[in-house]
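Structural features, examined
One-letter residues, chain by chain:
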Amino acid sequence: MDLRLKFNEDVINYDNIRPAYVDELYKDIFSYAQIDNQSSILEIGIGTGQATLSFLKKGCNITAIELGNNLAEYTKNKFSAYKNINIINEDFMNVLLQSNQFDFVYSATAFHWLPQEQAFNKIKEILKPNGTIALFWNHPFPNRLDDESNIASKAIYDKYRPTDKPITEFSEKDLQKYEKALELYGFTDIKSYMYRRTRTLSADEYIALLNTYSDHRALPADIKYSFETEMKNAIDSIGGAINIYDTMDLYLAKNSSD
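Throughout what follows, the structure given in this document is the object of discussion. Note that the structure is a prediction, hence the values are computed from the model and not measured.

1. Quick look at the overall build of the protein
Tallying secondary structure elements over the protein gives ten helices and seven strands in all. For 258 residues, the compact-globule estimate of 2.2 N^0.38 gives 18 Å, and the protein sits close to it at 19 Å. Reported as C-alpha extents along the three principal axes, the dimensions of the protein are approximately 55 × 40 × 30 Å. Here the protein, with 258 residues, has 49% of them falling under the buried criterion. Considering only residue pairs separated by 6 or more positions, the protein has 79% of its internal contacts joining residues 24 or more positions apart. Split by element, the accessible area of the protein, about 12,500 Å² in all, is 47% carbon and sulfur. Side chains of the protein carry 28 positive and 37 negative charges; the gap between the two charge centres is 2 Å.

As structure tokens, then:
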């Protein structure tokens, strides 16, 4: 099964527990892109619209693409009061879009699911000359070794999902990946930003969050049940809450007019 479709299985939980993005991120986007109610913009992978409302309130004319049929239908209903959005239930790589159609194209915690070269080339084709691309992600980190709640969580991960790969928090050096990719595919005036916040979730909220991750949902049912039960017990045993350290990264660039 395409893991991308795992997000389609429980849309209400996804909408309730997946976090939005910090206000500073949108301020940097709007300062760079200068978009308004005359702008035609495209969102790739709208999900349940965690990154969409700020653009709707700007009055931008939004075309949004979503692979999951349940997600697409839910989000159509969620934003039904807005007349400036059209949601297409399709894979971005298969949607027919006009050349030089959009002033602004963005994707929030979704672009990594696409084939990079083909996706960047398609975005360059549909963006107007000097149009803006914005890519951003949220990287939740519950593995700080100086945090009791993170230590409790890590013990359960080590038991059920052991890994030899070092678990590291997103940092400035990680920005280079997409900075270099944007340059490679011919985008210019590349800017990158980082933002941090801390969320505190109850044990039940943390389990709900885990159930929005495709790899967690794909676990065998018996392992998933045991993992969740022991995770809840571990968090409850140290006070009933876990701290999540979020890092958000934003990349902005212009479509070359050449």
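Next comes the rest of the account.
2. Some thoughts on the side chain of N13
As for its placement among the helices and strands, N13 is situated in helix α1 (residues 11–17). A polar atom in the side chain of N13 sits 3.0 Å from the backbone oxygen of A208. Sequence-distant contacts of N13, defined by excluding residues within four places in its chain, comprise R18, A208, N211 and T212.

3. Focus on the environment of I87
Here I87 shows up in strand β3 (residues 85–89). Along the sequence, I87 and F120 sit 33 residues apart, while their C-alpha atoms lie 21 Å from each other. Those residues in contact with I87, other than ones at most four positions away along the chain, are I46, A64, A72, T75 and K76.

4. Comments concerning the pattern of salt bridges
Inspection of every chain in the model, using the stated rule, returns 14 salt bridges. Here D174 makes a salt bridge to K173, at a shortest N to O gap of 3.7 Å. Owing to a relative accessible area of 58%, K173 belongs among the exposed residues under this scheme. Here D246 makes a salt bridge to R199, at a shortest N to O gap of 2.5 Å. Taken as a pair, D246 in strand β7 (residues 241–255) and R199 in strand β6 (residues 187–202) lie far apart in primary sequence, 47 residues in all. Neither D246 nor R199 differs from the other in exposure class; each is buried. Look at the salt bridges and you will find they share partners, linking R144, E169 and R196 into a network.

5. Concerning the pairing of strand β5 (residues 127–141)
Where strand β4 (residues 102–108) and β5 come together, six bridges link them in parallel fashion. Its bridge partner being in β5, V105 is matched across the sheet by I133. Each parallel crossover has a hand, and for β4 linked through helix α5 (residues 116–126) to β5 it is right-handed. As judged from the ten bridges shared by β5 and β7, these two strands associate in the antiparallel manner. Bridge pairing in β7 places A134 opposite L252.

Definitions and limits used
- Residues numbered from 1 in each chain as written.
- Predicted model: local features only at pLDDT ≥ 70, side-chain atom pairs only at ≥ 80, totals over all residues.
- Heavy atoms only, no water.
- Helix = DSSP H or I, 4+ residues; strand = E, 2+ residues; numbered from the N terminus.
- Rg over C-alpha atoms; globule rule 2.2 N^0.38 Å.
- Buried < 20%, exposed > 50% of the residue type's maximum accessible area, 1.4 Å probe, protein only.
- Contact = heavy atoms within 4.5 Å.
- Areas by Shrake-Rupley, 256 points an atom, 1.4 Å probe, with all protein chains shown as cover.
- Lys, Arg positive; Asp, Glu negative; His and termini not counted.
- Charge placed at Lys NZ, Arg CZ, Asp CG, Glu CD.
- Polar contact = N/O pair within 3.5 Å; in protein donor to acceptor, adjacent residues only side chain to side chain.
- Salt bridge = Lys/Arg side-chain N within 4 Å of Asp/Glu carboxyl O.
- Pairing = 2+ DSSP bridges.
- Right-handed = clockwise from strand over helix to strand, strands pointing away.

Everything listed is a geometric property; what it means functionally is a separate question.
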